[in-house]
Amino acid sequence: MIKNYYSPSTLDELLKIKNNTNGVVFSGGTDLFVKMRYGIIKPQTVIDTKKIKSAIKLENRKLIIPLNTTYTDLLEFLKKNKTNLFLEKIIKLIGSPMIRNRGTPIGNIANASPAGDFILATYLLNGNIIIKPTNRIIPIENFILGPSKIDLAQNEIIYAIEIDVKNNYKFFFEKVGKRNAMIISIASIAVLLKENNGKIEDISICFGSVSPTILRDKNIESKIIGEEFSIELFKYLANEFEKLSKPINDVRASKSERKKLVYNLTIKAFYNLKNEVVSI
Ligand SMILES: Cc1cc2nc3c(=O)[nH]c(=O)nc-3n(C[C@H](O)[C@H](O)[C@H](O)COP(=O)(O)OP(=O)(O)OC[C@H]3O[C@@H](n4cnc5c(N)ncnc54)[C@H](O)[C@@H]3O)c2cc1C
């Protein structure tokens, strides 16, 4: 049962309370309270960050998403600033409008689920995690240590996520699950692609729910720069990623189904990207 509830209105106050109480920090509560309801965690002290206001920033071709930014806030910002609009396709499949009005990208990252849709977006966009009070800045692939495991000390909090601004790319996202909204994905894929005269100029490919953390391989990506954007290339990628994936069996799908999905989603990505008009 919760014994202490704090609701600081400044970052300094939040950090002080965190240091003194080691309470559990939360924002939307859409992950935390579900876990508490099922008895997975039983914190005595919770620290609500909702009163701390800071704005999303666009600086040096980076988007800085601070704590308490909801998915709805982020969507509005992207539309207003006409940047990274492809993220709309990922965000609009996270939960329901109610969840998007409360849930935050930072909560998604701290939860460290291999099925987390905004974790996938953060890997895709070379994200860094900005931590206070230590001011550590850690690439997402080093920050996520495994399912529900992150590199965060007891006195630290996530202050912001920093992701690349990527415009004029082709984009494909698909998440496979039992229903469209409100699902935990069985497998997901996101691909960002820049083509130059039919050749790959830049690419990032990420898979969710098929490994203990998001699956991305920067070596494979750099090896195919300059290659022709072709079905042969995507068959090669499909084989490589199928081999690299380390899915588990669970109630939603078997290991072998998930491996097959990695292959099929990569091929599907090719046909969709081929017909995709470059979007902002
Ligand atoms: C019905 C429903 C549908 C959902 N659908 C999806 C979906 O489609 N895709 C998906 O990816 N997720 C989904 N989720 C999960 C959840 O909504 C998201 O992960 C959301 O982004 C969590 O954000 P939050 O602010 O609510 O996190 P919270 O619940 O507030 O926090 C989550 C975790 O992060 C920690 N935390 C929060 N803020 C900080 C901080 N500043 N520093 C350090 N730690 C922090 C908390 O201690 C907690 O462990 C769904 C949840 C529900 C209930």
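Thresholds, definitions, all that
- Residues numbered from 1 in each chain as written.
- Predicted model: local features only at pLDDT ≥ 70, side-chain atom pairs only at ≥ 80, totals over all residues.
- Heavy atoms only, no water.
- Near = heavy atom within 4 Å.
- Polar contact = N/O pair within 3.5 Å; in protein donor to acceptor, adjacent residues only side chain to side chain.
- Areas by Shrake-Rupley, 256 points an atom, 1.4 Å probe, with all protein chains shown as cover.
- Helix = DSSP H or I, 4+ residues; strand = E, 2+ residues; numbered from the N terminus.
- UniProt positions renumbered as here; feature names shortened; annotations may be inferred.
- Salt bridge = Lys/Arg side-chain N within 4 Å of Asp/Glu carboxyl O.
- Buried < 20%, exposed > 50% of the residue type's maximum accessible area, 1.4 Å probe, protein only.

## Describing the site of the ligand
- Close to the ligand lie 30 residues; Val 25, Thr 30, Asp 31, Tyr 71 and Thr 104 are nearest.
- Leu 32 has a polar backbone atom sitting 2.8 Å from an oxygen atom of the ligand.
- One of the backbone nitrogen or oxygen atoms of Gly 95 is found 3.1 Å away from an oxygen atom of the ligand.
- For the ligand, the accessible surface in isolation is 980 Å², of which the surrounding protein chains cover 86%.
- Elements supplying a minimum of two residues to the shell around the ligand: strand 2 (24-26), helix 2 (32-37), helix 6 (105-111) and strand 10 (157-164).

## Regarding the UniProt feature "domain: FAD-binding PCMH-type" (unreviewed entry) in the protein
- UniProt records the feature "domain: FAD-binding PCMH-type" (unreviewed entry) for residues 1-168 in the present numbering.
- Strand forms 23% of residues 1-168 and helix 35%; the C-alpha atoms that close the span are 50 Å apart.

## Digging into the pattern of salt bridges
- One pass over the structure, following the stated rule, counts 13 salt bridges.
- With a shortest N-O distance of 3.1 Å, Glu 141 and Lys 218 are connected by a salt bridge. Here Lys 218 lies in helix 9 (residues 218-223) and Glu 141 lies in helix 8 (residues 140-143), a separation of 77 residues in the sequence.
- Using a relative accessible area of 42% as the deciding quantity, one classes Lys 218 as partly exposed.
- Each of Arg 136, Asp 151 and Glu 156 takes part in salt bridges that share partners, so that together they form one network.

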